[in-house]
Amino acid sequence: MAEALPHRRPAAQRAFTAATLAALLCAMLALVAGWPRGEPRAMSAALAPAALAADAEGYLQALEPRVFTFPDDHAAHPGYRTEWWYLTGNLQTVTGRRFGYQVTLFRRGLSPQPAERASHWGTGAMYFAHIGLSDASTRRFHSAERYARDALALAGADTDGFWIGDWAVSGTPDSGMDLRVTADAFSLAFRIEPGALVLRGHDGLSAKSAAAGNNSYYFAAPRLETDGTIKLGGQEHAVKGQSWFDREWSSSALDRQQTGWDWIAVHLDDGRDLMLFQLRAADGRRDFAAAEISDATGGRRQLDADEITLEPVQWWRSDASGHRYPIRWRVAVAELGLSGELRAVFPDQEHRGDFRYWEGMVDLKGSHPGHGYLEMTGY
Amino acid sequence: MNLLLRALWRWHARHPVLLAVTVLGAALGAASVIAIDLANASSRRAFDHAVRGLTGQATHQIHAGTVGIDEQWYVDLQRGRGGVLAAPVVRGQLRLHDGAPLELFGIDPFAEATVRPAIDAALGSAEHLITEPGAVAAGADLVARRGWQLGDTISVRSGQDVHQLRLRAVLEPRDELTTVALRDVLICDIATAQETLGLLGRLSRIDLVMEPSARLEPPPGAVLRPASSQRAQLADMTAAFHLNLTALSLLALGVAAFLVYNALGFALLQRRGIIARLRAVGATPGQIATALLAETALLGLAASAIGIAIGWVLGGVLLEQIGTTISDLYLARDVARVELGLASVGKALATGLGVALVAGAVPIIEAWRVTPREQLQRAGPQRNWSLALFGVALVLALVAVVLLQIDERSIALAFVATGVALAAGACAVPLVLRAWCGLGAALFSRLGRPLATMIWRAPAQGLRRSGVAAAALSLAVAAALGVGIMVASFRGTLIDWLDATLGADIYASAGAGLTSEDRPLQQAFIDAVRAAPEVSAVTLRRDTTVHGREHSYRAIVVDPSRPQLPPLRAGTLETVWPRFIGDDAVVVSEQLAWRRGLGLGDTIALQTEHGWHEFSVVAITADFAGDRGLLYWHATTFARHFVLPPADGLAAELSADADVDVVCARLARHPAAEGLALRSQRALRTASLQVFDRTFLVTEALRVIAAAVAVLSVVSAIAALAVERRSALALLRARGATPGQVWALGMGECGVLGLFCGVIAVPAGLGLAALLTLVINRRSFGWTLNLDPQPGQWLPAVLTALIAALIAGLVPTWRAARATPAEAMRDG
Amino acid sequence: MSRVELDNVAKSYREGDRVRAVLSNCSGAIEPGAFVALTGASGTGKSTLLGLVAGMDRPDSGRVVVADTDLAALDETARTRFRRRHLGLVIQQFNLIDTLSVRENLLLRGALDGAAQRDAAEAERLLEAVGLADRGDARPDRLSGGEQQRVAIAAALIHQPALILADEPTGNLDRRNAETVLSLFVDLVRAHGATLLVATHDPAVAERADYRWELCDGALQVT
């Protein structure tokens, strides 16, 4: 990729991949949204930011392209500082009632060289999970979070799936998965059909900053047919739709000047899948942007980042947290001839757990309509 | 101050010593109550907070059976079942290098937020705790007390093992509850706790937040209990202990009340003239009574204020003792400092004021009846109340007997009965004193010794005064004697029990040997003992916990090869033994039998590895290892139903010709004996008695206070008597008695009174001891104690009273003797 | 000014098992402003009679009327209040409160009414009158017998009572002192216009009286 931010060094003249983005998510959470409102809530909450600190010393680094082997690479990669399993999706019932969901498992290294312990509880890593359910008909957003140590299989990820407690996704994206999640307010039970894997960046090695050496390993399964049931408020809804699955691991960090980002993943009605994002500097202006489009066969193309337009059109203020988020965006990707408006299906899809951010279902209107997910941090 | 009050009060100002003694006596009485109340409340609060603070928001707890909960059970719970908020706990006792106990509380920080938010918040960002073996966190209070710095290595002993822990976080709890809970606790990751405490693969407890309707089947051998039950059990265990201390402090207060009564009564008698004149001038009885009431209240408040000051200091000292005792008997925790709350101050003021007003009531009522006519005419002869009082004494004694019969389990009634009995004794004193003096006077009169006759008649003449003084002194000496006899009897019973129980020659345990917090012995050490040529038999002991439906029980599991049990209260060794090793039988200690109302043939349902099982009680034993009682099993029986935990204690019998100390010393040098308490039978016996003596230190302290109040009351009473006797003695001087004769006469009177008090205190003390030993202790703790009358303590008691009376009389008598007849008569 | 009237007054005391009749059938009256000396041998009941007139005691039967009030009909508190308001008392043992200063003794009556300073000016005047103006702050036990009795007289007059009762007011004083005190006393009482009843052995006192009541065998004879 030769596209570059004009004001950056040549070394940085490569597009960020989605992997970068995902790495940024966690780092951003730490830097920007990390400390929850008011008092520090919990040790469990405090641990994650600690793990997300910029220091990657002692951990394995994603420096060279690697040969991905499956199913082994579905499992966790101890030795790297950060890793996650990221599922989002737009679903609807036969009557057209729409739901969006997010099930994310993060793994964080707490220590690059965990001590040898006699106790099975001894560990050098932790897992945490965020789940969200957006109910478009009632415009209600439900979320929950969990923490566990990487020990005694309380939480983990192997070639058969990933889990934390009884929240579990068994199987792999290329062989199909079963998702079972039960929170206080809702529960999800989905069958996720297999789909094509797409290696992001340069054969799965993606650079994530202008500075050299900050890379991650990354692949995705952007379009997975999904059906199952959602239990909410004592009612059960049979749903169908598409999910989007991201996998990434790395040990690197963000540049300091970056304070937040906007990330968009859209299943276009034409069968292709569009991912684009921008990183914002402290003054709110774009620091960096990237986009990539892929199809159901695994074919993909990186797009010219300089030709991407992402501009807030309408803002929404969260009464609960007091923060403002853009919930309508003008979107244009010149290379695709794409021009339209991205709209949150409803405004309040804000995670208000230990980390505060906005992640929810969106519709793309315009030249290339579609449905997808938008993630916004640092507002 | 108004004129009326001033007119009455200035009399006190003229007798500062009497006033000081009165106030000090009342203050001491109040101080003892305040001190015990403070110490009790503080220790209760400390222990309650300790339990509650570490329970957090948990609604239920799963308590481990004999060997802890398999950690895999918890993992399965987490992975198999949604919606259960659960936090695992691995906890245990550590000792610092100086022997101070600390609790190691191992948690999974990731599970804390929902169960113990306060601890979780205090922990903050402490990832070192998880990743670093041996990393611990401690409350700022503990860190400051110990002078630790962040990063310091803390050397601790867990059973036989020494571990180096590292202080990686200092916690600043935001609420008081958590602060208290963390007072003597090291928080660590569950992995560190397992490694330090040697509990790999095991959990001590699982704390749960569950809906009341939720059902959860606990793992084998464990029980699911409401979180509140742990506190309730602790409160239940220590209630009798606290009540006993309170009752003893009330005894001191009772003696103090007598003192105040005596002093105020005397003050009234002295001021009858003033009062009569005031009445003649036109003061109404109500005005007089109001002024006296104000004066009494003032005195009470002063006593309270001083009492609070003394009580606070004393409470701190006692709290340490009470804390140690509770640690010895119940659970090993250090106790927080004394907290002087508003409630305590209020209680203290009420105590001092209450005592003063109650004690002052009779004199005030008498003052009400003073007529101005006394001004114009001499008062008629004094009414003789001693016979009527004796009647009251008989009625009270009857009431006490009836009270004891009403409910043979009620501790409170037993204390009330004891109080009533003491009151009965006090009421009987005047008549007995009159008889005593009458006898003495008659004797010396017949012998033709007029001076001696005078000496003996004096107390009977001023019976109103001397009766009260004698009652106060006798009561105090009797209380001191009674408590002394009780303690000695208890100690004697304990020694008998130790001698009967400690049948082996060498004992080894990895803990204090007296609590259930012991750690396993190393197998290598057990093997070494078995291999020693002098050792003829080895018995292993396992100290563990089993769970019934309502209560958990301490269980002692032993494996003697030949018939051997602690002394039996019910059942005989011959009949019990076969069932003890063969049947599903259990032996129950008498405290437990008393507490739970168990008798021979009753059954106890317990949660075993294979579900609920009924065990029948085949014998009841004497036991003095703590007061909550325990169950005894033979290891063969126990192992059929429970997982046999590793042995934590060992008793070895040596061949007859072996030298115990030599073998003991040799075994102690064995590498696997590191950190063990390895003691000869003699040493263990001594150590046990030391714990006993420590337990009764508080009792001793209260005894000393009661005695101090008694001495003060005698000083006050004798001083009052001396003032009254001054004119009589002056008359003697006028009639030609030398100062020496007058001095002898005065001292003789004091001696007669003191001797009387000492003599009468002996039967009274014996009665009190009998009540304390046979009734109160039985009802409080379930112990059957042998009452040993301790004749050796009698003479000292008599001498105490005699000497106290003589010392008290020294100064006033000397003054009376020294005074010229003229000035003495004018003063009178 | 106040009239005193005794009407068939009887009083007896219990002494162990025996009952000793002290007064029986005493009747008599004192006109307002009169000075009556009550005489009789020791033990004839002079103090008892004074106590009855002072309302400190109740007759077993009969009436004691002072200033139109039947004292026997009043309860203890009411009698005390009556005494406080209408009577002044001077008795043998110097009825002074030795825990109060001379001035405080004078102010006590007002204090008992809840007005300690009510009689402050009168107290100074009376102290002047009895010649003790400079001893107001002294304690009674620092005074001589005569001085004490003069204070007692002042204390008895402080509230300008209608009736003054005195029991051997000069009994403890030497001849000279007794005369001085007696003169002072009688003069002051007369100056106040109060009725005066004095129990005494002293013929000098009796001589100065308007007339005498003599107690004999429990009955009164006016002479």
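Residues numbered from 1 in each chain as written. Chains lettered and ligands numbered in written order. Predicted model: local features only at pLDDT ≥ 70, side-chain atom pairs only at ≥ 80, totals over all residues. Heavy atoms only, no water.

**Details of the overall build of chain B**
Next, step 1: For chain B, the count of helices and strands is 26 helices and 21 strands.
Next, step 2: The contacts in chain B between residues at least 6 apart in sequence include a share of 82% that link residues at least 24 apart.
Next, step 3: Summed over its atoms, the accessible surface of chain B is roughly 31800 Å², and 61% of this surface lies on carbon and sulfur atoms. (Helix = DSSP H or I, 4+ residues; strand = E, 2+ residues; numbered from the N terminus. Contact = heavy atoms within 4.5 Å. Areas by Shrake-Rupley, 256 points an atom, 1.4 Å probe, with all protein chains shown as cover.)

**Thoughts on the confidence of the model for chain B**
Residues and elements named next belong to chain B.
Next, step 1: For chain B, per-residue confidence averages 82 on the pLDDT scale, and 91% of positions sit at 70 or higher.
Next, step 2: Counting interchain partners and residues more than four positions distant, the pLDDT-below-50 stretch residues 376-381 has seven contacts.
Next, step 3: This model gives residues 512-516 a pLDDT under 50, and the stretch forms 16 contacts once residues within four places in sequence are excluded. (pLDDT = per-residue confidence, 0-100.)

**Quick notes on the pattern of salt bridges**
Next, step 1: Within the structure shown, the criterion is met by 62 salt bridges over all chains.
Next, step 2: Its salt-bridge partner being R146 of chain A, residue D166 of chain A comes within 2.7 Å of it at the nearest N-O pair. Taken together, the positions of D166 of chain A in the loop between β6 (161-164) and β7 (167-172) and R146 of chain A in strand β4 (residues 140-149) put the pair 20 residues apart, joining distant regions of the chain.
Next, step 3: A salt bridge links D141 of chain B to R145 of chain B, with the nearest nitrogen and oxygen atoms 3.4 Å apart. Taken together, the residues D141 of chain B and R145 of chain B, both in helix α7 (residues 140-146) and four residues apart, mark about one turn of the helix.
Next, step 4: Assessed through its relative accessible area of 30%, D141 of chain B is described here as partly exposed.
Next, step 5: Classification of R145 of chain B by relative accessible area gives partly exposed; the value is 37%. (Salt bridge = Lys/Arg side-chain N within 4 Å of Asp/Glu carboxyl O. Buried < 20%, exposed > 50% of the residue type's maximum accessible area, 1.4 Å probe, protein only.)

**Describing the interface of chain C and chain B**
Next, step 1: Counting from both sides, the interface comprises 31 residues of chain C and, opposite them, 24 residues of chain B.
Next, step 2: With both sides pooled, the region where chain C packs onto chain B buries about 2500 Å², and carbon together with sulfur makes up 59% of that total.
Next, step 3: Of all residues in chain C, M56, T99 and L112 of chain C give up the largest surface area on contact with chain B, accounting jointly for 23% of the area buried on that side.
Next, step 4: Between chain C and chain B we count two salt bridges in total.
Next, step 5: Between E104 of chain C and R6 of chain B there is a salt bridge whose closest N-O contact spans 2.2 Å.
Next, step 6: Linking chain C with chain B are eight residue pairs in polar contact (both at pLDDT 80 or more), by the criterion used here.
Next, step 7: When contributions to the side of chain C that touches chain B are tallied by element, the ones reaching two or more residues are α1 (46-53), α2 (76-86) and α3 (102-112) of chain C.
Next, step 8: Of the residues assigned to the side of chain C that touches chain B, the class counts are eleven nonpolar, nine polar and eleven charged. (Buried area = accessible area lost by both parts, 1.4 Å probe. Polar contact = N/O pair within 3.5 Å; in protein donor to acceptor, adjacent residues only side chain to side chain. Nonpolar A, V, L, I, M, F, W, Y, C, P; charged D, E, K, R; others polar.)

**Some details on the sheet that holds strand β4 (residues 61-66) of chain C**
Each strand in a sheet pairs with its neighbour through backbone hydrogen bonds, running either in the same direction (parallel) or in the opposite one (antiparallel).
Residues and elements named next belong to chain C.
Next, step 1: In space, the four strands of this open sheet follow the order β2-β1-β4-β5, with antiparallel pairing throughout. Of all the strands in the sheet, the pair left with one neighbour each is β2 (18-30) and β5 (69-70).
Next, step 2: As paired elements, strand β1 (residues 4-15) and β2 share nine bridges and run antiparallel to each other. Within β2, the residue paired with L6 across the bridge is G28. (Pairing = 2+ DSSP bridges.)

**Side note on the nonpolar core**
The nonpolar side chains of a soluble globular protein tend to be buried with one another.
Next, step 1: In terms of nonpolar packing, the biggest core is built from 75 residues, with L87, Y101, L179 and L188 of chain A together with W148 and L186 of chain B touching the most fellow members.
Next, step 2: When residues of this core are assigned to their parent elements, the largest contribution, five residues, is made by strand β3 (residues 85-96) of chain B.
Next, step 3: Residues within four places of W148 of chain B in sequence aside, it is in contact with L96, L102, A138, L142, V143, I154, L167 and L186 of chain B. (Core = buried A, V, L, I, M, F, W, Y, C linked by side-chain atoms within 4.5 Å.)

**Topic: the packing of aromatic side chains**
Next, step 1: Applying the stated criterion to the full structure yields 31 aromatic pairs over all chains.
Next, step 2: With a centroid separation of 6.2 Å and 80° between ring planes, the pair formed by F68 of chain A and Y217 of chain A is classed as edge-to-face. Taken together, the residues span a long stretch of sequence, with F68 of chain A in the loop between α2 (43-52) and β1 (82-92) and Y217 of chain A in strand β12 (residues 215-232) at a distance of 149 residues.
Next, step 3: Here F68 of chain A falls in the buried class, since its relative accessible area comes to 12%.
Next, step 4: For Y217 of chain A, a relative accessible area of 5% gives the class buried.
Next, step 5: Here W316 of chain A and Y325 of chain A contribute two aromatic rings whose centre-to-centre distance is 6.1 Å and whose plane-to-plane angle is 20°, an arrangement assigned as stacked. The same class applies to W316 of chain A and to Y325 of chain A, which are both buried.
Next, step 6: By way of ring pairs, the aromatic residues F68, F70, Y80, Y217, F219 and W249 of chain A are connected into one cluster.
Next, step 7: In this structure, R66 of chain A packs its charged tip against the face of Y217 of chain A, placed 5.2 Å from the ring centre.
Next, step 8: Stacked on the ring of W612 of chain B, the Lys or Arg R549 of chain B has its end atom at 4.1 Å from the ring centre. (Phe/Tyr/Trp six-rings, centres within 6.5 Å; stacked < 30°, edge-to-face > 60°. Lys NZ or Arg CZ within 6 Å of the ring centre and 35° of its normal.)

**Concerning the side chain of S294 of chain A**
Residues and elements named next belong to chain A.
Next, step 1: Structurally, S294 is set in strand β16 (residues 286-294).
Next, step 2: Taking the relative accessible area as the measure of exposure, S294 reaches 2% and is therefore buried.
Next, step 3: When neighbours within four sequence positions are excluded, S294 is seen to be in contact with V198, R200, P222, R272, D273, G299 and R300.

**Notes on the pairing of β16 of chain A**
Every regular strand shows the same layout, with side chains that alternate between the two sheet faces.
Residue and element names in this part refer to chain A.
Next, step 1: Burial analysis of β16 places eight of its nine residues in the buried class, the great majority of the element.
Next, step 2: Two elements, strand β15 (residues 273-281) and β16, share eight bridges in a ladder whose sense is antiparallel. What sits directly across from M275, in β16, is E292.
Next, step 3: Counting the residues that bridge the hairpin from β15 to β16 gives four residues, and of these G284 lies at a positive phi of roughly 90°.
Next, step 4: By the bridge criterion, four bridges tie β16 to strand β17 (residues 300-303) in an arrangement that is antiparallel. When the sheet's bridge partners are listed, I293 is paired in β17 with R301.

**Some thoughts on helix α18 (residues 573-582) of chain B**
Residue and element names in this part refer to chain B.
Next, step 1: Listing the buried residues of α18 in full gives V576, W577 and F580. With its buried residues spanning 105° around the axis, α18 presents them on a single face. Counted as exposed and oriented over 90 degrees from the buried face of α18: E574 and T575.
Next, step 2: Tucked into the core, α18 has its buried residues touching β15 (568-570), β16 (585-589), β18 (611-621), β19 (630-634) and α20 (635-641). (Arc of directions from axis to C-beta.)

**Brief notes about the pairing of strand β7 (residues 161-171) of chain B**
Residues and elements named next belong to chain B.
Next, step 1: Bridge analysis of strand β5 (residues 135-139) against β7 gives five bridges, and the strand direction is parallel. Considered in β7, the bridge of V136 is made with L167.
Next, step 2: One ladder, built from six bridges, connects strand β6 (residues 153-158) with β7; its direction is antiparallel. Directly across from S155, in β7, lies its bridge partner Q164.
Next, step 3: Connecting β6 to the next strand, β7, in antiparallel fashion are two residues, including G159 with a positive phi near 60°.

**Topic: a nonpolar patch on the surface**
Residues and elements named next belong to chain B.
Next, step 1: A surface patch of nonpolar side chains, amounting to about 400 Å² of accessible area, comprises W743, L810, V811 and W814.
Next, step 2: With three residues, the single largest contributor to the nonpolar patch is helix α25 (residues 794-818).
Next, step 3: Counting through the fold element by element, V811 comes out in helix α25. (Patch = residues over 30% accessible without salt bridge, like charges linked within 9 Å, V, L, I, M, F, W, Y side chains within 5 Å.)

**Some points on the packing of helix α15 (residues 450-461) of chain B against helix α24 (residues 739-781) of chain B**
Residue and element names in this part refer to chain B.
Next, step 1: Interhelical geometry of α15 versus α24 gives an angle of 45° and a closest axis separation of 8 Å. Classified by the angle between their axes, α15 and α24 sit oblique to one another. The hand of the α15/α24 crossing is right-handed. Seen from α15, the contacting residues are L451, M454, I455, W456, A458 and P459; seen from α24, they are Q741, A744, L745, G748, E749, V752 and L753.
Next, step 2: Here the residues of the contact of α15 with α24 sort into ten nonpolar, two polar and one charged. (Axes fitted to C-alpha atoms, helices over the stretch in contact; angles between N-to-C directions. Parallel < 35°, antiparallel > 145°, perpendicular 65-115°, else oblique. Left-handed = near helix turned anticlockwise from the far one by under 90°.)

**Topic: the sheet that holds strand β3 (residues 35-39) of chain C**
All names here are of chain C.
Next, step 1: Overall, mixed pairing links the six strands, which are arranged β6-β7-β8-β3-β9-β10 in an open sheet. Whereas interior strands pair on both sides, the edge strands pair on one side only; in this sheet they are β6 (87-90) and β10 (219-222). Neighbouring strand axes in the sheet, compared pairwise and without regard to direction, differ in orientation by 20° on average.
Next, step 2: Bridge count between strand β7 (residues 163-167) and strand β8 (residues 195-199): five bridges; the pairing is parallel. Looking across to β8, one finds that L163 is bridged to T195.
Next, step 3: With respect to the sheet, helix α5 (residues 145-157) is in contact with β6 and β7, its orientation differing from that of β6 by roughly 170°.

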